[in-house]
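Descriptive analysis of the structure
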Protein chains: 2
Amino acid sequence: MNRNLIEKIRKISGFEDKEMFRGAFEVVPVGKRASRPLKQFKPKNNKVMPLEKAIDAVGLRDGMTISFHHCLRNGDLVMQKVIKVIADKGIKNLTLSASSLSLVQDALLPYLENETITAIDTSGARGKIGKFIQSNRLQKPAIFRTHGGRARAIETGELHIDVAFIAAPACDIYGNINGVQGKSACGSLGYAMPDSEYADHVIAVTDGLSQIPLDYVSISQTKVDYVSEIDDIGDPAGISTGSIRISKSPTELVIAKYVADVIKYSGVFKDNMIFQFGSGGISISAADFLKKEMEKQNIRAAAGIGGATGYLVDMLEHGYIKTFFDPQDFDQLAIRSLYNNRNHHEISASDYANPFNGNPYVNLLDVAVLSATEMDVNFNVNVLTDSYGRLMGAPGGHPDAAAGADVTIVAMPLLRGRLPMILDNVQTVVTPGETVDVVVTEYGIAVNPKRDDLYNNLKKSNLPVVSIEELYIKAQKLAGKAAPLEHGNNICGIVEYRDGTIIDVIYDI
Amino acid sequence: MNRNLIEKIRKISGFEDKEMFRGAFEVVPVGKRASRPLKQFKPKNNKVMPLEKAIDAVGLRDGMTISFHHCLRNGDLVMQKVIKVIADKGIKNLTLSASSLSLVQDALLPYLENETITAIDTSGARGKIGKFIQSNRLQKPAIFRTHGGRARAIETGELHIDVAFIAAPACDIYGNINGVQGKSACGSLGYAMPDSEYADHVIAVTDGLSQIPLDYVSISQTKVDYVSEIDDIGDPAGISTGSIRISKSPTELVIAKYVADVIKYSGVFKDNMIFQFGSGGISISAADFLKKEMEKQNIRAAAGIGGATGYLVDMLEHGYIKTFFDPQDFDQLAIRSLYNNRNHHEISASDYANPFNGNPYVNLLDVAVLSATEMDVNFNVNVLTDSYGRLMGAPGGHPDAAAGADVTIVAMPLLRGRLPMILDNVQTVVTPGETVDVVVTEYGIAVNPKRDDLYNNLKKSNLPVVSIEELYIKAQKLAGKAAPLEHGNNICGIVEYRDGTIIDVIYDI
C-alpha cells in the first residue's frame, strides 16, 4: 500500500491508529478479550415480549451499534423488519453490524437515506446497499471483514455491539435458540454466536416459538435477554439454494478435475486428511472427483471444515468424512444433517476462523478449495468487487481458510465473458497472495513460487503446470488487456484483513 | 448471622468487603464479566508437550491460582500428578481451585503440608483435606462454593484462575476435549467449562490422545493452550459408581413414594413439567414411582436438568423425558447416553446454575428433589458438614437447584443412626430455608409456611402432612436432643451462597 493512501486513510476519523497489512501472521495480539455485562434473571420472569417493547427494554438509542447475522442469506426478513421498528421510534445514527448483507437487504435503503443507519460493517455488500456505500453517502467508510476477522473484532472489543438481534428459526420461551428447526430453518448459527457472547444485550427474533425447551440448542438461554415473535423471519426460497449439484459446465468440470488431481499429487492426499470445499459448482464437482480417488485408494478424511452442502454431508453420512465442523449451511440437506448426524458439529465464527484464539479450525486444513473473482500475478485474490470495482461479493471465510490451510487452491475460469481473470492488479486485494498456493484454471495450473515443494510434487504428474505469468499472458491474448478502471478518489470502504489491519480500500464510483 | 461473627469475618484478610447473605435473590450484579487474554496460534504449531514443559510454557509461579475439575470424582489422578510436578519445581503458595474434592484427594496432603498449596476453594472437602482445613493450617479460610456460585465467581473475576489443568478423557492433538470417550470416560465436563473459558492458560491433561479431530467436542481447541499426555488420568473404579439402582431400604422407599406423591399433588404435575432428581437411592426410587404415575396419566417431562444417572437416561430414551441438560454424569449408562443420544445435552456449570447470567437452567425447574444431611426448623439445609461439624459433603448444586425450582423437595430420613436430622439449628447453613418448599421424611411431610398454595394442594391428598415443629418433636422423642457441638473459635472455612455472599462459616475442630 503506497504512502499517500496510508496518509489518506489515517486522516479518516476513527482510523487514525489503524495499522496496514504487513503479512498474514505478523500481528501479535496483546491484552484481554472484551466482555459483556453480568446479568441476573430470576425464576418465572418472562423474556417473551413484542419487539417494540424489547427494544425499549434494552435501552436502544441514537448512535448505538446493532447487529444481525446473515444465516438466512437472501431470505432474511429480520433486518428490515427490526430496523423498521427502530426507525419508527425515531432512533438515528446507528451502526449496522451484519455478518454479511445479501440482495434482500436492498429493503434497507430507506433507512440509510433517512439516517437511521449511518455506518455499516459487514462481510459483503451488493445491490442497492453496495451502490449507496459507493456513492459515499455513509458518515464513515464501510468496513469489510472476513468471518474470522469479525469474530476477532468482537472479541477484542474493536467492534462493540450494543444490541444483537438474532434471527431465530426456533426459540423457546426461555431463550434457547437453534437454526435447524422451524419453517425458516437455516442451519448452523455459527455467525451469530460471537454476537450472542459479546453484545451488551441480545434479542431473539423468531417465527418458531416453542413453549418447552428446544431439544437442540445452538445459542443458550443464558445469553439471550428477550424473545420477540414476528410472523416470518425469512422467505424459505431465499434461505437455501436447494441441494447444490455437480456442475454441468464443461469448463467448470475441467477445472474441477484439475483441482482433484492437484490434491491427489500435492503430497497431502493421505488417510485422515482435513479439507474445506466451498459451495460453488467447481468445488462440489472437485469433491466428487476427489471422492472417487479416495474410494480407489481407500483414503478417508478425518474432518471436513467450513460451510456444509448436501454433497459434503452425504460424504459424511457415508464415511468419506469422519466428522464435520460447520459454521454455515448452504442447503436443506446440510441443515437436516446438522440436526440429525451426531458427527456433524455446529461451530462459531470464532472457533472457525478467528486468528486470535487458541486454534481456529481453519488451522487444521490440509487443503482448502476456494474461488475468486480475480487474481493478480502475485496470487492476490479479490472476492469482494467485480471487474468494474463494484461491490458484489464478500471476503467471507476466504482469507481465513487461505491463511489456515497447508495447500490453498483457488479454482476459477481464466476468462469470464470477455474479461481476463488474471491481472496485473486486482481491483481489491482481499486475500493476500502469500496465503494462496495454487491457482487452477481451465488453461493450466500455476503454483506460488514460494511453494517449491508443491511445484515439485505437481511436476511429477501430467498436470498442465505453468507459471502465473504464462496464465496471465494467455488471458491477455484471449481477452485483450483489461481497461483501467475509472473510479473516484474518495475512500468509502475499508477492507480489513482477518488480523484487523487494512489490506485495501473501496473507492466511490 | 450475628454481629460478632460478621465483625470477625471482616477482620480476615481478603474478606473485608464481603457481604453477608441477605436473601436468595437480593444481590444485583453490576459491571462486566471477566475475560481471558487474547491468543494467537499459527497453523502447524504443536500443542502437545510433556506436563513439565507445559507448566513452564504458561509461566506458572509462586502465588498463582491453579484449577481442576472433579468430573473424575473419586477416581481422579490428575490433581495429585500435576501438583507433584509443580511441587518438584519448587513452586509454592498456590491457591487450589477445584470444582470439588473427593476422598482420593487425600493424596494432596503432603503438598498442603509443604506449602505448595496454601489456599483452597472448592465445593466440598472431606477426609484428610477436610481435617487439614479444620486444623486451621491453611493461610486463609477455605472457600466453599456451589456449582453455580463457582461459575459466578469465575465469570465476575472474583475467582481468577491463572492456569486451569483439565483432566481430559479424550483429547486430540489440536486441543479438542471430551469426557465421553477413552478409558477414563467421565461424561459431561460441565464443571470444567468455566475454567476453560476464563483461565489465563489452559492445559489439557489426557490419557486418551487422538491424532485426528475428536468426533465429539466438549471443550474446543480454541480454548486450550497445551496438551500433555500422562499414563492414567483416572481409576475407572472411582470415576463412576456403576448404574445406581432403585433403593432396597424400606425407609428410603417410604420416603421415595411420599416424594412422588408430593409431586403428584403439588400442582406442578402436568404434561411438559421440568424436573431434577439427584443420584441417591431415594431420588432414583422417587423418579421410578413418578414414572409409573406419568405413564398412568400420560404425562411426559419436557426436560430433565442436572446430574444424569442411568435411570434418568433410560427415561429419556423411552420418551418420559423429552430432552436433558446435563452438567455431570454419575454412571456409565449416563456417559454413553451423553455421547449417543442427541436429546442429551452437555451444559456448563454456568449454564446450569450461575445466578448472574441470562437464565440458568435451574430456573426452569418445576421440581427439584434434593437430599440433606440436616435441616432446621426454618428449613435451612446443611449438606456440607456432618452432625459433628466435620467437613464431609459439598454444597454442589443444592442451593442452586433449590433457588431455581418452583417446588424444592428435600427428602431425608428423620433419623440417621441415633441422631435426629431435624434440629433447632443445623451445623452449617448451606441452602437457605426460604428456597426449600417441602421436607419429606418417613414420619411425615412438612411444607414451608411461605407456601400456603402447596400446603393446600397437599392437604387434599391422604399424605401425612404435618408441621416442621411436629417433625422436630418426633425426632427429639425418638433420638433425644442432640448434644451441642464442641468446636473451636477459629474460622477456617467460609461458606458462600451462590450469589457470593457469606451464608455461614466453618470452625476448626
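These numbers were taken from a predicted model, which means no experiment stands behind them. (Residues numbered from 1 in each chain as written. Chains lettered and ligands numbered in written order. Predicted model: local features only at pLDDT ≥ 70, side-chain atom pairs only at ≥ 80, totals over all residues. Heavy atoms only, no water.)

**Examining the overall build of chain A**
This is how it is decided: Secondary structure is summarised from DSSP: a helix means a run of H or I of at least four residues, a strand means a run of E of at least two, and numbering begins at the N terminus for each. With C-alpha atoms as the basis for the radius of gyration, the globule rule is written as 2.2 Å multiplied by the number of residues raised to the power 0.38. The contact definition used throughout considers only heavy atoms, calling two residues in contact when any of these lie within 4.5 Å. Note on areas: these come from Shrake-Rupley sampling with a 1.4 Å probe, and a residue is covered only by the protein chains present in the view. When charges are counted, neither His nor the chain ends are considered; positive counts come from Lys and Arg and negative counts from Asp and Glu. For this purpose, a charge sits on NZ of Lys, CZ of Arg, CG of Asp or CD of Glu.
Within chain A one finds 16 helices and 26 strands. For chain A, the C-alpha radius of gyration of 22 Å lies close to 23 Å, the compact-globule estimate for 509 residues. Along the first, second and third principal axes, the C-alpha set of chain A runs to 70 × 55 × 40 Å. Of the contacts formed within chain A by residues at least 6 apart in sequence, a portion of 72% connects residues at least 24 apart. As presented, chain A carries roughly 17700 Å² of accessible surface, and 48% of it is formed by carbon and sulfur atoms. The positive charge centre, built from 53 side chains, and the negative charge centre, built from 60, are 1 Å apart in chain A.

**Notes on helix α1 (residues 3–10) of chain B**
Given 3.6 residues per turn, any residue in an α-helix points the same way as the ones three and four places further on. Residues and elements named next belong to chain B. Rules: With a 1.4 Å probe rolled over the protein chains alone, any residue whose accessible area is under 20% of its type maximum counts as buried; one over 50% counts as exposed, and the rest are partly exposed. Think of the arc as the fan of directions from the helix axis to the C-beta atoms. Nitrogen and oxygen atoms within 3.5 Å of one another constitute a polar contact, given that in protein one can donate a hydrogen and the other can accept it, and given that sequence-neighbouring residues count only through two side-chain atoms.
L5, I6 and I9 are the residues of α1 that are buried. Seen along its axis, α1 keeps its buried residues to an arc of 100 degrees; they face one direction. Exposed residues pointing more than 90 degrees away from the buried face of α1 are listed as R3 and N4. Next to the buried residues of α1 lie β25 (491–496) and β26 (502–507). Here α1 starts with a cap whose side-chain oxygen sits 3.0 Å from the backbone nitrogen of N4, and that cap is N2.

**Thoughts on unusual backbone geometry**
Residues and elements named next belong to chain B. Residues other than glycine seldom take positive phi values, yet E115 does so here, at roughly 65 degrees. Within the element layout of this structure, E115 appears in the loop between α4 (109–113) and β3 (117–122). In this structure, N298 takes a positive phi of about 55 degrees despite not being glycine. Assignment of secondary structure puts N298 in the loop between α10 (281–297) and β12 (301–305). The exposure class assigned to N298 is exposed, which follows from its relative accessible area of 54%.

**Topic: the packing of aromatic side chains**
Put simply, the rule reads: Aromatic rings from Phe, Tyr and Trp, with only the six-membered ring used for Trp, were paired whenever their centres fell within 6.5 Å, and each pair was classed as stacked if the ring planes differed by under 30 degrees, edge-to-face if by over 60, and tilted otherwise. Only Lys NZ and Arg CZ are tested; either one counts as a charge over a ring when it is within 6 Å of the ring centre and within 35 degrees of the ring normal.
This structure, assessed with the given rule, holds ten aromatic pairs over all chains. Relative to A:Y497, the ring of A:F21 lies with its centre 4.8 Å away and its plane at 70 degrees, an arrangement referred to as edge-to-face. With A:F21 in the loop between α1 (3–10) and α2 (51–57) and A:Y497 in the loop between β25 (491–496) and β26 (502–507), this pair connects stretches of sequence that are 476 residues apart. The lysine or arginine in question, A:K47, covers the ring of A:F41, its NZ or CZ lying 4.9 Å from the ring centre. The positively charged end of B:K257 is found above the aromatic ring belonging to B:F289, 6.0 Å away from the centroid.

**Thoughts on the nonpolar core**
Under the convention used in this document: Here, nonpolar core means buried Ala, Val, Leu, Ile, Met, Phe, Trp, Tyr and Cys residues that are tied together by side-chain atoms lying within 4.5 Å of each other.
A:L60, A:I120, A:I133 and A:F165 are the most contacted members of the largest nonpolar core, which totals 117 residues. With seven residues, the single largest contributor to this core is helix α3 (residues 78–88) of chain A. Not counting the four nearest positions on each side in its chain, A:L60 is found in contact with A:I55, A:I66, A:I86, A:I91, A:L94 and A:V163. Within the second largest apolar cluster, 116 residues are counted, among which are B:V78, B:Y352, B:M412 and B:L471.

**Examining the sheet that holds β12(B)**
Residue and element names in this part refer to chain B. The criterion, for reference: Two strands pair under a simple rule: DSSP has to find at least two bridges between them. Simply put, an axis is a line fit to the C-alpha atoms, just over the touching stretch for a helix, and the angle between two N-to-C directions goes from 0 to 180 degrees.
The strand order across the open sheet built from nine strands is β14-β13-β12-β11-β15-β18-β22-β23-β24, with neighbouring strands paired in mixed fashion. Only two strands of the sheet have a single partner each, and these edge strands are β14 (344–346) and β24 (465–466). When strand β11 (residues 273–277) meets β12, the two strands line up parallel, connected through three bridges. In the sheet register, F275 faces β12, and the bridge partner there is G304. The strands touched by helix α15 (residues 452–459) within the sheet are β18 (407–411), β22 (438–441), β23 (444–447) and β24, with β23 carrying the most contacts at an inclination of about 150 degrees.

**Digging into the confidence of the model for chain A**
How we decide: Within a predicted model, pLDDT stands for the predictor's per-residue confidence, ranging from 0 to 100.
Scored by pLDDT, chain A comes out at a mean of 96, with 99% of its residues at no less than 70. Two summary scores accompany this predicted model of the complex, namely pTM at 0.97 and ipTM at 0.96.

**Looking at the pattern of salt bridges**
Here is the rule: We count a salt bridge whenever a side-chain nitrogen from Lys or Arg sits within 4 Å of a carboxyl oxygen from Asp or Glu.
According to the stated counting rule, one finds 56 salt bridges over all chains in the structure shown. For A:K44, the salt bridge identified is with B:D406, shortest N-O distance 3.1 Å. Here B:D406 lies in the loop between α14 (398–404) and β18 and A:K44 lies in the loop between α1 and α2, a pairing that spans two chains. In this structure B:D406 comes out as buried when scored by relative accessible area, which is 18%. The salt bridge involving B:D215 is made with A:R342; its shortest N-O contact spans 3.9 Å. Here the residue B:D215 occupies a position in the loop between β9 (209–210) and β10 (226–229), and A:R342 occupies one in the loop between α12 (332–340) and β14 (344–346), the pair thus bridging two chains. Exposure remark for B:D215: the relative accessible area of 21% places this residue in the partly exposed category. What emerges from the salt-bridge pattern is a single network uniting A:K18, A:D121, A:R145, A:R152, A:E158 and A:E496.

**Overview of the pairing of β25(A)**
Residues and elements named next belong to chain A. The element β25 is extensively covered by neighbouring structure, given that six of its six residues are classed as buried. Relative to β25, strand β4 (residues 142–144) runs parallel, the two being bridged by three bridges. Residue pairing across strands places F144 opposite V495, the latter belonging to β25. Here five bridges tie β25 to β26, and the two strands are oriented antiparallel to one another. Pairing of I494 across the sheet is with V505, part of β26. Between β25 and β26, which pair antiparallel in sequence order, lie five residues; one of them, G500, sits at a positive phi of approximately 95 degrees.

**Quick notes on the interface of chain A and chain B**
Cut-off, in case you're wondering: Throughout, buried area stands for the accessible area (probe radius 1.4 Å) lost by two parts on being put together, summed over both. Amino acids are sorted into nonpolar (Ala, Val, Leu, Ile, Met, Phe, Trp, Tyr, Cys and Pro), charged (Asp, Glu, Lys and Arg) and polar (every other residue, Gly among them).
Across the boundary between the two partners, chain A contributes 61 residues, which contact 61 residues of chain B. Carbon and sulfur atoms supply 53% of the area buried between chain A and chain B, which totals about 5100 Å² over both sides. Counting across the chain A and chain B interface gives six salt bridges. Inspection of the region where chain A meets chain B yields 39 residue pairs in polar contact (both at pLDDT 80 or more). Secondary-structure elements contributing two or more residues to the side of chain A that touches chain B are α6 (147–156), β12 (301–305), β13 (321–326), α12 and α14 (398–404) of chain A. Counted by class, the side of chain A that touches chain B contains 28 nonpolar, 19 polar and 14 charged residues.

**Here we look at the packing of helix α9 (residues 250–266) of chain B against α10(B)**
Residue and element names in this part refer to chain B. Definition in use: In these notes the angle categories are as follows: under 35 degrees is roughly parallel, over 145 is roughly antiparallel, 65 to 115 is roughly perpendicular, and the rest is oblique. Should the near helix be turned anticlockwise from the far one by less than a right angle, the crossing is left-handed, and should it be turned clockwise, the crossing is right-handed.
Contact geometry for α9 and α10: axes closest at 8 Å, N-to-C directions at 45 degrees. Classed by the angle they form, the pair α9 and α10 counts as oblique. Handedness of the crossing formed by α9 with α10: right-handed. Within the contact between the two elements, α9 uses E252, L253, I255, A256, K257, V259, A260, I263 and K264 and α10 uses G281, I282, S285, A286, F289, L290, E293 and Q297.

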